[in-house]
Amino acid sequence: MRTARTAATLMAVVALAAGCSSSGGKTSEDKADGSTGGKSAGTPRMKIAMVTHSGEGDTFWDIVQSGAKQAAAKDNVQFLYSNDKEAKGQAELVQSAIDKKVDGIVVTLAKPEAMKAVLAKAKDAGIPVVTINSGGEFSQRFGALTHIGQDESVAGEAVGSELNERGRKKALCVIHEQGNVSLEQRCAGVKKTFKGTVENLNVDGTDAPSSQSSVEAKLQAAQDIDAVVALGAPVAAVAVKAKQDAGSEAEVDTFDLNAAVVKSLKAKDVGFAVDQQPYLQGYLAVDELWLYRTNANVIGGGKPVLTGPAIVTEKDVPKLEKYTARGTR
């Protein structure tokens, strides 16, 4: 029932967004730079900040920003983006947004306890908050309007089931940011449904050479590993190189999608990917805050709005290539 309600809500939001945009069809679809090809909504100018836990060089967040910028252009919103992989730094950026008296804040909860106090300050200041991507179970508790993303445990379970279908027996789950609750939930989900064994490996996702060495060493030491589960697209590229250098026969699979992953799917260097539609997370988050400010709407009725997971294989490459090339999938 929740899935049906979520689908209906998304359809309603898309319909409303189309009605408020002065340009639609192919012209609007082909633009990925945050412009709509026409005038923005006739509502008062507002300012929305997005603060994430992204490390440097993570292309996932470029796609999130593409969606947010598209919605911002349509909604007459000034969009402010900032990020810090350290929880303390992220909380300070949220405080900075509060000090700027923004009209809304979009935030991730990768390390939720570090964000609790500052989000209480946002609530006291009358600034509505939408959470995206991570820490969905903390969203309502911390006073957010809604959470937009995928259920990470469910996504992990989907991966475990897919590995079973592929006849895998031993998986290495590569966590690229230690302490990130969403990444830990993904690996736990894999363990829940996978009939084989799963071992977690912590690496520093911002240091590709070090990460590659760690994965390579593990594959050389445990040659019975027949699946490497990367928890992000950049780590998938690292895992593919590590597998090749280790002379391993393990299949590399990954969470998240970008142009490089689609090319790897096509080349069969990656077996499958889990798409959580980051463009949609950015777009809906900005649109929700605009809808709330202009019409007191809350999409999902306060329940999480799911944007994934969806298993993507080489069969899906033809329909995805043009979208990943323009940075929207």
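For the structure, check the block above.
What counts, and where the lines are drawn
Residues numbered from 1 in each chain as written. Predicted model: local features only at pLDDT ≥ 70, side-chain atom pairs only at ≥ 80, totals over all residues. Heavy atoms only, no water. Helix = DSSP H or I, 4+ residues; strand = E, 2+ residues; numbered from the N terminus. Buried < 20%, exposed > 50% of the residue type's maximum accessible area, 1.4 Å probe, protein only. Contact = heavy atoms within 4.5 Å. Areas by Shrake-Rupley, 256 points an atom, 1.4 Å probe, with all protein chains shown as cover. Pairing = 2+ DSSP bridges. Axes fitted to C-alpha atoms, helices over the stretch in contact; angles between N-to-C directions. Parallel < 35°, antiparallel > 145°, perpendicular 65-115°, else oblique. Left-handed = near helix turned anticlockwise from the far one by under 90°. Salt bridge = Lys/Arg side-chain N within 4 Å of Asp/Glu carboxyl O. Phe/Tyr/Trp six-rings, centres within 6.5 Å; stacked < 30°, edge-to-face > 60°.

Trainee: Give a description of the overall build of the chain that names residues and reports values.
Mentor: Counting its secondary structure elements, the chain contains 13 helices and twelve strands. Per-residue burial for the chain yields a buried fraction of 52% across its 329 residues. Sequence-distant contacts, at least 24 apart, represent 74% of the contacts inside the chain between residues at least 6 apart. Summing over all exposed atoms, the chain offers an accessible surface of approximately 14300 Å²; the carbon and sulfur share of this is 50%.

Trainee: Describe the sheet that holds strand S7 (residues 197-202), with residues and values.
Mentor: With respect to topology, six strands assemble into an open sheet ordered S7-S6-S8-S9-S10-S12, the strand pairing being mixed. Of all the strands in the sheet, just S7 and strand S12 (310-312) have a single pairing partner and so form its edges. Taken over all neighbouring pairs, the strand axes of this sheet differ in orientation by 20 degrees on average, direction set aside. Sheet topology places strand S6 (residues 170-175) next to strand S8 (residues 227-230); four bridges connect them, and they run parallel. By the bridge assignment, Ala171 is partnered in S8 with Ala227. Sheet contacts for helix H9 (residues 208-221): S6, S7 and S8; angle to S7, the most-contacted strand, approximately 145 degrees. In this fold helix H10 (residues 233-246) packs onto S6, S8, strand S9 (251-255) and strand S10 (270-275), with an angle of close to 170 degrees to the strand it touches most, S9.

Trainee: Which residues make up the packing of helix H4 (residues 87-99) against helix H5 (residues 116-124), and what are the values?
Mentor: Packing of H4 against H5 brings their axes to within 9 Å, and their N-to-C directions diverge by 10 degrees. When the axes of H4 and H5 are compared, the pair comes out roughly parallel. Mapping the contact onto sequence places Ala91, Val94, Gln95 and Ile98 in H4 and Val118, Leu119, Lys121 and Ala122 in H5.

Trainee: Could you give an account of the packing of helix H11 (residues 259-266) against helix H13 (residues 317-325), naming the residues involved and the relevant values?
Mentor: With their axes 9 Å apart at the nearest point, H11 and H13 run at an angle of 155 degrees to one another. Considering the angle they form, H11 stands roughly antiparallel to H13. Read as a crossing pair, H11 and H13 show a hand that is left-handed. In this structure, H11 uses Ala259, Val262, Leu265 and Lys266 to contact H13, whose residues at the interface are Val317, Leu320, Glu321 and Thr324.

Trainee: I'd love a proper account of the sheet that holds strand S4 (residues 129-132), names of residues and values included.
Mentor: Note: strands within a sheet are paired through backbone hydrogen bonds, in either parallel or antiparallel orientation. What the six strands build is an open sheet, ordered S2-S1-S3-S4-S5-S11; its pairing is parallel. Both edges of this open sheet fall to strand S2 (77-83) and strand S11 (305-308), since each of them pairs with a single strand only. Ignoring strand direction, the axes of neighbouring strands in this sheet form an average angle of 20 degrees. When strand S1 (residues 46-52) meets strand S3 (residues 104-108), the two strands line up parallel, connected through four bridges. Bridge pairing in S3 links Ile48 to Gly104.

Trainee: An account of unusual backbone geometry is requested, with residue identities and associated values reported.
Mentor: Following Gly308, the chain continues into Pro309 via a peptide bond in cis, with omega recorded as 10 degrees. Examined against the element boundaries, Pro309 turns out to sit in the loop between S11 and S12. Of note, Lys101 is a non-glycine position whose phi angle comes to about 60 degrees, a positive value. Residue position: Lys101 is located in the loop between H4 and S3. By relative accessible area, Lys101 is classed as exposed at 68%.

Trainee: So what's going on with the pattern of salt bridges? Residues and values would help.
Mentor: Counted according to the given criterion, the structure contains 13 salt bridges. Of the charged contacts, one joins Lys111 and Glu177 as a salt bridge, the two residues approaching to 3.8 Å between their closest N and O atoms. Placement of the pair is Lys111 in the loop between S3 and H5 and Glu177 in the loop between S6 and helix H8 (181-193), with a sequence separation of 66 residues. Note that Asp316 is salt-bridged to Lys319, the shortest N-O span being 3.7 Å. Owing to a relative accessible area of 55%, Lys319 belongs among the exposed residues under this scheme. In this structure, a network of salt bridges that share partners links the residues Glu162, Arg166, Arg168 and Glu251.

Trainee: Can you tell me about the environment of Asp75, naming the residues and giving the values?
Mentor: Relative to the helices and strands, Asp75 resides in helix H3 (residues 60-75). Between the C-alpha atom of Asp75 and that of Trp290, which follows or precedes it by 215 residues, the distance is 6.8 Å. Ignoring any residue separated from it by four or fewer positions in sequence, one finds Asp75 in contact with Ala41, Thr43, Val286, Asp287 and Trp290.

Trainee: Just give me the short version of the packing of aromatic side chains, but keep the residues and values in it.
Mentor: Counting across every chain of the model gives three aromatic pairs. Judged by centre distance (5.0 Å) and plane angle (75 degrees), the ring pair of Phe60 and Trp61 falls under edge-to-face. Judged by its relative accessible area of 6%, Phe60 is buried. Here the aromatic rings of Phe138 and Phe142 are separated by 5.9 Å at their centres, their planes lie at 40 degrees, and the arrangement is tilted. Just as Phe138 is buried, Phe142 falls in that class too.

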